[in-house]
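Here is how the chains run, residue by residue.
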Amino acid sequence: MSRTALITGITGQDGSYLTELLLDKGYEVHGLVRRSSTMERSRLQHLYADREVYGQRLFLHYADLDDPTTIRRVVTKVQPTEFYHLAGQSHVGLSFEIPESTCDMTAIGTLRIMEILRDQPQPPRFLHASSREIFGTPAVSPQDEDTPINPNSPYGCAKVFATQMAKIYREAHGLFFCNAICYNHESPRRGENFVTRKVTLAAARIKTGQQSSLSLGDLDAARDWGYAGDYVNAMWLMLQQEAPDDYVLATGISHTIRELLEAAFTHVGLNWQEYVKIDERFNRPADACQLLGNPAKAEAALGWKRSVDFYQLVQLMVDSDLKRVSNTS
């Protein structure tokens, strides 16, 4: 049986890695691209250039999350067997500035898609990329699938809505709907407005004389950081199970921004303390604390194994940024 996947957010970090994974497994892959999106799609550029892939096994369709008519038309035409919903306004700090659009895209946009899918004669298996931000300020650490929800950001609140609705659709309508509760996952394809990429890019630029300093907020803020390539593999595994369920995707190990700086700058032979400035403007109004995931369920039920640890990840990102800035200097 041929397998066809439809991905929202295909031009993003996770979407690009998932596309590569599915193509390697023989899928026909379709992606939704926002009409308002920039034409910069560098994460998929290598696939565009492959004539045996683009237009043959990889196809893009224009559709916005607030345009259910177009999405329905694409779904009806493609008839995917698997649907991966990765799109949305995913920057937590930015969600405080644009809460309405964050909730419309992340919460209501997901609901629109679920409504379209349940109307299909053969609804596809559906994965919603949820977030550890649904736990907000957790009462326990580490968090697992049974940890009480307690968001403390507009983004986290929107993700709670979408996560709970996916569970309701699964239980009320008997649909194969899953939530991947993802903790922070990074890669060289991470956007430059995220702190991990901000740090690794600064280390590369400072090393090559293209930048003199780096401004950051709370250096003691800690996160559970993993590798994006590993996380999309878990997403695929979730849709291959006999029954749908929700899974926490995490490393189970927390690191501070201070440790991130140490790893990145040491890798290029620099002392981060000579270059980093503290700027309280980068502190969030309400920052998530004690966010540490317990991936035991995913490891046991999915057989999920991670291939890249924190220090390997940072080095991978720094090396990529060094190559990038050297080519543009």
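Refer to the structure above for everything that follows.
Residues numbered from 1 in each chain as written. Predicted model: local features only at pLDDT ≥ 70, side-chain atom pairs only at ≥ 80, totals over all residues. Heavy atoms only, no water.

**Looking at the packing of aromatic side chains**
- The full count for this structure, using the stated rule, is nine aromatic pairs.
- With a centroid separation of 4.7 Å and 55° between ring planes, the pair formed by phenylalanine 126 and phenylalanine 177 is classed as tilted. Of this pair, phenylalanine 126 sits in strand β5 (residues 125-131) while phenylalanine 177 is found in strand β6 (residues 177-182), placing the two residues 51 residues apart along the sequence. Here the two residues phenylalanine 126 and phenylalanine 177 agree in accessibility, since each one is buried.
- Judged by centre distance (6.5 Å) and plane angle (35°), the ring pair of phenylalanine 135 and tyrosine 183 falls under tilted. Linking phenylalanine 135 in the loop between β5 and α6 (154-173) with tyrosine 183 in the loop between β6 and β7 (185-186), this pair joins segments that are 48 residues apart in sequence.
- One aromatic cluster in this structure is built from Phe83, Phe126, Tyr169 and Phe177.
- If you follow arginine 189 out to its NZ or CZ, it ends over the ring of tyrosine 17, 4.0 Å from the centre.
- The ring of tryptophan 304 carries the charged tip of arginine 306 above its face, separated from the ring centre by 5.0 Å. (Phe/Tyr/Trp six-rings, centres within 6.5 Å; stacked < 30°, edge-to-face > 60°. Helix = DSSP H or I, 4+ residues; strand = E, 2+ residues; numbered from the N terminus. Buried < 20%, exposed > 50% of the residue type's maximum accessible area, 1.4 Å probe, protein only. Lys NZ or Arg CZ within 6 Å of the ring centre and 35° of its normal.)

**Here's the deal with the sheet that holds strand β4 (residues 82-85)**
- Taking strand neighbours across the sheet as the criterion, the seven strands line up as β3-β2-β1-β4-β5-β6-β11 in an open arrangement whose pairing is parallel. Of all the strands in the sheet, just β3 (58-62) and β11 (247-249) have a single pairing partner and so form its edges. Averaged over all neighbouring strand pairs, the angle between strand axes comes to 20°, with direction disregarded.
- Bridge count between strand β1 (residues 4-8) and strand β2 (residues 28-33): five bridges; the pairing is parallel. From the neighbouring strand, alanine 5 faces β2, where its bridge partner is valine 29.
- In the packing of helix α1 (residues 13-24) onto the sheet, the strands contacted are β1, β2, β3 and β4, and the crossing angle to β1 comes to about 175°. (Pairing = 2+ DSSP bridges. Axes fitted to C-alpha atoms, helices over the stretch in contact; angles between N-to-C directions. Contact = heavy atoms within 4.5 Å.)

**Looking at the side chain of threonine 163**
- With respect to the helices and strands, threonine 163 occurs in helix α6.
- Side chain to side chain, threonine 163 and serine 130 meet in a polar contact 2.6 Å long.
- Leaving out residues up to four positions away in the same chain, threonine 163 has contacts with His128, Ser130, Ile134 and Asn179. (Polar contact = N/O pair within 3.5 Å; in protein donor to acceptor, adjacent residues only side chain to side chain.)

**Some remarks on the nonpolar core**
- Among the nonpolar cores identified, the biggest contains 42 residues, and Leu22, Tyr84, Met235 and Leu249 are the most heavily contacted of them.
- Looking at this core, the element that brings in the most residues is helix α8 (residues 228-238), giving eight residues.
- Formed by 23 residues, the second largest nonpolar core is a distinct cluster that contains Ala263, Val276, Val314 and Val318. (Core = buried A, V, L, I, M, F, W, Y, C linked by side-chain atoms within 4.5 Å.)

**Examining the packing of helix α7 (residues 195-207) against helix α11 (residues 310-328)**
- Interhelical geometry of α7 versus α11 gives an angle of 50° and a closest axis separation of 8 Å. One finds that α7 runs oblique with respect to α11. For the crossing formed where α7 meets α11, the hand is right-handed. Across the interface between the two elements, Thr196, Arg197, Thr200, Leu201, Ala204, Arg205 and Lys207 of α7 pack against Val314, Met317, Val318, Asp321, Leu322, Arg324 and Val325 of α11.
- Here the residues of the contact of α7 with α11 sort into seven nonpolar, two polar and five charged. (Parallel < 35°, antiparallel > 145°, perpendicular 65-115°, else oblique. Left-handed = near helix turned anticlockwise from the far one by under 90°. Nonpolar A, V, L, I, M, F, W, Y, C, P; charged D, E, K, R; others polar.)

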